[in-house]
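So you can see what is in the structure, the chains are spelled out below.
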Amino acid sequence: KFDEKYGLEFPLLSDADHGVSEAYGVWGEKIRCGKASVGITRSSFLIDESGKIINSWYSVKPEDTVPKALDALGK
C-alpha cells in the first residue's frame, strides 16, 4: 500500500529479524522521553554504485537527511 500510495519504482526492504539494522549498527537500545527501549536509531547512508558506504549519519533528523547527502555529493 505504501508503494502504491507514493508511486515508488524500486523495491522496499523488510528487516523483520533486524539483521540489516544490526549489520549497519542502527539496532539497539535508545532513550526517548526518558524511557529506554530497543529499536532503530534514525540513520542515513550514502552508498555508491559498487555498494561501498561513502558517508553515514547516525541520529540524523529527518529534515537534515537530504541536505547532508547533497552536501556530501558537493551539490
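Cut-offs applied
Residues numbered from 1 in each chain as written. Predicted model: local features only at pLDDT ≥ 70, side-chain atom pairs only at ≥ 80, totals over all residues. Heavy atoms only, no water. Pairing = 2+ DSSP bridges. Helix = DSSP H or I, 4+ residues; strand = E, 2+ residues; numbered from the N terminus. Buried < 20%, exposed > 50% of the residue type's maximum accessible area, 1.4 Å probe, protein only. Lys, Arg positive; Asp, Glu negative; His and termini not counted. Salt bridge = Lys/Arg side-chain N within 4 Å of Asp/Glu carboxyl O. Polar contact = N/O pair within 3.5 Å; in protein donor to acceptor, adjacent residues only side chain to side chain. Contact = heavy atoms within 4.5 Å. Patch = residues over 30% accessible without salt bridge, like charges linked within 9 Å, V, L, I, M, F, W, Y side chains within 5 Å. Areas by Shrake-Rupley, 256 points an atom, 1.4 Å probe, with all protein chains shown as cover.

1. Focus: the pairing of strand S4 (residues 53-58)
Turning to step 1, where the next piece is worked out: In this sheet, S4 lies alongside strand S3 (residues 43-47) in antiparallel orientation, the contact comprising 5 bridges. Opposite Ser43, over in S4, you have Tyr58 as the bridge partner.
Turning to step 2, where the next piece is worked out: Hairpin connection of S3 to S4: 5 residues between the antiparallel strands, including Gly51 at a positive phi of 95 degrees.

2. A word on the side chain of Asp15
Turning to step 1, where the next piece is worked out: Relative to the elements of secondary structure, Asp15 occurs in the loop between helix H1 (2-6) and helix H2 (19-23).
Turning to step 2, where the next piece is worked out: One buried charged side chain, Asp15, makes no salt bridge at all; its nearest oppositely charged neighbour is Lys30, positioned 12 Å away.
Turning to step 3, where the next piece is worked out: Engagement of the side chain of Asp15 in a polar contact is seen with the backbone nitrogen of Val20, the distance being 3.1 Å.
Turning to step 4, where the next piece is worked out: Among the polar contacts listed, one links the side chain of Asp15 to the side chain of Ser21, at a separation of 2.6 Å.
Turning to step 5, where the next piece is worked out: Leaving out residues up to four positions away in the same chain, Asp15 has contacts with Val20 and Ser21.

3. Some thoughts on the pairing of strand S2 (residues 35-40)
Turning to step 1, where the next piece is worked out: With 6 bridges connecting them, strand S1 (residues 27-32) and S2 associate as antiparallel partners. For Trp27, the partnering residue across the bridge sits in S2 and is Ile40.
Turning to step 2, where the next piece is worked out: Counted along the chain from S1 to the antiparallel partner S2, the turn is 2 residues long, and its residue Cys33 has a positive phi close to 55 degrees.

4. Re a nonpolar patch on the surface
Turning to step 1, where the next piece is worked out: On the surface, Leu13, Val20, Tyr24, Ile47 and Ile53 cluster together to form a nonpolar patch covering roughly 420 Å² of accessible area.
Turning to step 2, where the next piece is worked out: Leu13 sits in the exposed class, given a relative accessible area of 65%.

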